[in-house]
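# Reading the structure
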Amino acid sequence: MSGGIEIRGINDMQRNIAQAKAIIERLKLRLIVSHNAEMLSYRGFEVNNL
């Protein structure tokens, strides 16, 4: 993870990822949300620079 942040301990992953993507789109930020199976184990996802 370079140039981004990691969010952990999320209870409702789908909703929070959707909200993060909506904020990024609305503010026209050059960011991307990424997540994988390992992050799912600790209920997390990353927000990184494009």
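Residues numbered from 1 in each chain as written. Predicted model: local features only at pLDDT ≥ 70, side-chain atom pairs only at ≥ 80, totals over all residues. Heavy atoms only, no water.

The next point concerns the sheet that holds strand β3 (residues 45-49). The strand order across the open sheet built from three strands is β1-β3-β2, with neighbouring strands paired in antiparallel fashion. Each edge of the open sheet carries a strand with a single partner, namely β1 (4-7) and β2 (31-34). Taking the axes of each pair of neighbouring strands and ignoring which way they run, one obtains an average angle of 15 degrees across the sheet. In the sheet, β1 pairs with β3 via four bridges, with the strands oriented antiparallel. Pairing of E6 across the sheet is with E46, part of β3. (Pairing = 2+ DSSP bridges. Helix = DSSP H or I, 4+ residues; strand = E, 2+ residues; numbered from the N terminus. Axes fitted to C-alpha atoms, helices over the stretch in contact; angles between N-to-C directions.)

Moving on, we get to the environment of F45. As for its placement among the helices and strands, F45 is situated in strand β3. Considered as a pair, F45 and I10 are 35 residues apart in the sequence and their alpha carbons are 8.7 Å apart. Residues within four places of F45 in sequence aside, it is in contact with I5, E6, I7, I10, M13, N16, I17, A20, V33, S34, H35 and M39. (Contact = heavy atoms within 4.5 Å.)

Before going further, it helps to examine the nonpolar core. Listed in full, the eight residues of the largest apolar core are I10, M13, I17, A20, I24, V33, F45 and V47. If you list the elements that add at least two residues to this core, you get α1 (13-26) and β3. It is α1 that contributes the most residues to this core, four residues altogether. Each residue touching M13, except ones within four places of it in the same chain, is listed here: L40, R43, G44 and F45. (Core = buried A, V, L, I, M, F, W, Y, C linked by side-chain atoms within 4.5 Å. Buried < 20%, exposed > 50% of the residue type's maximum accessible area, 1.4 Å probe, protein only.)

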